[in-house]
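A structural walkthrough
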Amino acid sequence: MGRDVFYITTPIYYPNDVPHIGHAYNAVATDFIARYHRLRGEEVFHLTGTDEHGLKIQRAAEAAGMEPKAWVDQMEPRWREVWARLDIAYDDYIRTTEPRHVTAVQRMLRAVHDNGRDDIYLGLYEGLYCVSCELYYTEDELIDGKCPIHGRPVEHVREENYFFRLSAYTDRLLAWYGEDPSRIEPETRRNEVLSLIRGGLQDFSISRTNFDWGIPLPWDPNHVCYVWFDALTNYITAAGYGSDEGRFARVWPANIHLIGKDILRQHAVYWPAMLMAGGVEPPRQVWAHGFLTVGGKKMSKSNATGIHPFELLDHFGVDSYRYYFMREIQFGQDGSFSWESMVDRHNADLANGLGNLASRVLAMLGSYFDGVVPATPGDDSDLPKVIEESRRRYDELMGTLALGSALTAVWDIVGRANQYLVEREPWKIAKDDGRRDELAAVLYTAAETLRILAVLISPIMPNAAAALWTQLGIGEPLDAQRLPHAARWGGLAPGTRTSKGDALFPRLDS
RNA sequence: GGCGGGGUAGCUCAGUGGCAGAGCAAGCGGCUCAUAAUCGCUGUGUCGCGGGUUCGAAUCCCGCCCCCGCUACCA
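Below or above, wherever it landed, is the structure these notes cover.

Reading guide: rules and limits
- Residues numbered from 1 in each chain as written.
- Chains lettered and ligands numbered in written order.
- Predicted model: local features only at pLDDT ≥ 70, side-chain atom pairs only at ≥ 80, totals over all residues.
- Heavy atoms only, no water.
- Helix = DSSP H or I, 4+ residues; strand = E, 2+ residues; numbered from the N terminus.
- Buried < 20%, exposed > 50% of the residue type's maximum accessible area, 1.4 Å probe, protein only.
- Polar contact = N/O pair within 3.5 Å; in protein donor to acceptor, adjacent residues only side chain to side chain.
- Contact = heavy atoms within 4.5 Å.
- Axes fitted to C-alpha atoms, helices over the stretch in contact; angles between N-to-C directions.
- Left-handed = near helix turned anticlockwise from the far one by under 90°.
- Nonpolar A, V, L, I, M, F, W, Y, C, P; charged D, E, K, R; others polar.
- Pairing = 2+ DSSP bridges.
- Near = heavy atom within 4 Å.

1. Quick look at the side chain of H223
As for its placement among the helices and strands, H223 is situated in strand 11 (residues 220-225). H223 sits in the buried class, given a relative accessible area of 4%. Reaching out from H223, the side chain makes a polar contact with the side chain of S207 at a distance of 2.8 Å. Residues in contact with H223, not counting those within four places in the same chain, are L122, E160, N161, Y162, S207, R208, T209, I215, P216 and L217.

2. Overview of unusual backbone geometry
The phi torsion of most residues other than glycine is negative, and most of the peptide bonds are trans. Geometrically, the link from W252 to P253 is a cis peptide bond, its omega value of 5° lying close to zero. As for its position among the elements, P253 is in the loop between helix 10 (245-251) and strand 12 (256-260). Following L483, the chain continues to P484 via a peptide bond in cis, the omega torsion being 0°. For P484, the position within the fold is in the segment after helix 19 (462-472). The phi dihedral of V227 is positive, around 25°, even though this residue is not glycine. Turning to its location among the elements, V227 is positioned in the loop between strand 11 and helix 8 (228-231). The backbone of E425 sits at a positive phi, close to 45°, despite the residue not being glycine.

3. As for the packing of helix 12 (residues 309-316) against helix 14 (residues 339-369)
When two helices pack together, their arrangement is given by the angle between the helix axes and by the axis-to-axis distance. The geometry of helix 12 relative to helix 14 is characterised by a closest axis approach of 12 Å and an angle of 35° between their N-to-C directions. Seen along the crossing, helix 12 lies across helix 14 with a hand that is right-handed. In contact with E311, L312, H315 and F316 of helix 12, helix 14 contributes W339, M342, V343 and H346. Considering only residue class, the contact of helix 12 with helix 14 consists of 5 nonpolar, 2 polar and 1 charged.

4. A word on the sheet that holds strand 11
Spatially, 9-11-10 is the arrangement adopted by the 3 strands of the open sheet, whose pairing is antiparallel. In this open sheet, the two edge strands, each paired with only one partner strand, are strand 9 (207-208) and strand 10 (216-217). Two strands pair when backbone bridges link them, and strand 9 and strand 11 are joined in this way by 2 bridges, in the antiparallel orientation. By the bridge assignment for strand 11, S207 is matched with C225.

5. Describing the protein's contact with RNA strand B
Residues in contact with RNA strand B amount to 46 residues; listed here are only the nearest, Y14, W228, A231, N352 and N356. The contact atoms of RNA strand B, taken as those within 4 Å of the protein, divide so that sugar and phosphate hold 62%. Within the contact set of RNA strand B, a sugar or linking oxygen lies 2.2 Å away from a side-chain nitrogen or oxygen of W228. Within the side chain of Q419, a nitrogen or oxygen atom sits 2.7 Å from a phosphate oxygen of RNA strand B. Here the residues of the surface near RNA strand B are counted per class, giving 21 nonpolar, 13 polar and 12 charged.

6. Some remarks on the sheet that holds strand 12
Here 6 strands make up an open sheet; going across it, the order is 3-2-1-12-13-7 and the pairing parallel. The open sheet is flanked by strand 3 (92-95) and strand 7 (184-185), the only strands paired with a single partner. Pairing of strand 12 with strand 13 (residues 286-289) involves 4 bridges; the strand directions are parallel. What sits directly across from I259, in strand 13, is A288.

See below:
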């Protein structure tokens, strides 16, 4: 995949929206995947950002008595502060109001407009318009034929807009996906898209004249670019389209556009067709995850289930937060969130599982060897084999974005290690001075297992991994570790001075 | 209405023809290095309902009930 770079994107967010755990779900998943690829030694480009144009922004700014740019400047940081708290290590953050993006969008529009196939044409957009809202509605949205907000009659309005000839791309899109079905995952989403395309595609409008907070069309500045050509183009802007062709050739096409299923159509139909029309290769893969549900309902502001990530981060901490959502929910399916399940998951897997394992091993190293990793003649434990097998499954599952199963594979190691300690009973061996070699072997095996666990969990729980790494006292930086080499048995040097620090994951009361 | 997903143990879910599974929770026992932790043992569930195909169905077919999402340009 990829030219030289593993390129993964999140959607870009509306500054006006309030971040909730559904947005964060996408961000965490993207970051987990990106960090995993970095751990494998790949050059990674992880992009996120904000979508800052449009009538809604313009109106919100007006209502606040501000210029639109000043408005988004003060709204946008609310997103970055969430990503910072979640340890989202993006490589670039794009704002669609940046000059580089204006350049790229206009260039893209030009490329499509001038492609000789008349793919952009002037047409009539007809719709039901509420003057008070300054918005178009579909018939379904109306209440008794009137505006749902103002209760006033809507007008049938026709507006001259430029249109993109999506209808001309039906066959090419089907051929594109026929070549390689994995271009849309998971399968159920792919099937939806294919049936949608087969049903015939309608052209869509790409410009507006009823507001001006947007990017002007290069050939007709009376029109501003309307949502799709502006927003979706961010993915190539950040890769260097229109500004750095050398870089663009290395970075594009994106390996993965990670999105929610609500914007599948735009990413899997509109976007590839737009790129084809502009002479740019479509992305390698669009991966649509599911929605979080709260109490069995899709999360939303209206039913009071729009939970802000900070509400959970304050209680659980960032590592537990990241782990919970990735482990608990089958990636690709909808998943239910509940406070109780989050507490259970934290206590079972993190506090009692990994955290307690580290605690008991480091405590014994401290008591029996003054914290120094002992040299050992060797051990006949099956842990090296178990770890190698788990690491192999982890890699395989991360490759197919079975993120929860990948973590399960790592926790098989935790389970086996706890079991191993009970089988060997080092606390009993320690009472017999004649069995020092045996004690050394057991504790070396346990400590080496912790070292490899720290490496494997680093993409999902960077802080806990670093804390464990520090407790193990390993000199080489964790950031410098690379898979698969770093997971090979025997990397922990005898003589390493460990120290039992604070609990990695304190138990939580419900 | 149409399209899609789903209804399996208290909870979350896996399981697409061959004796009903996992994790968590719960109970009992062991151990005591550890964060009241850990290890072992314990699951008689109408696999939504009713038919059908089959030697055999949670798994395939038909019908029905219920839940969720989408249904086209405001992510």
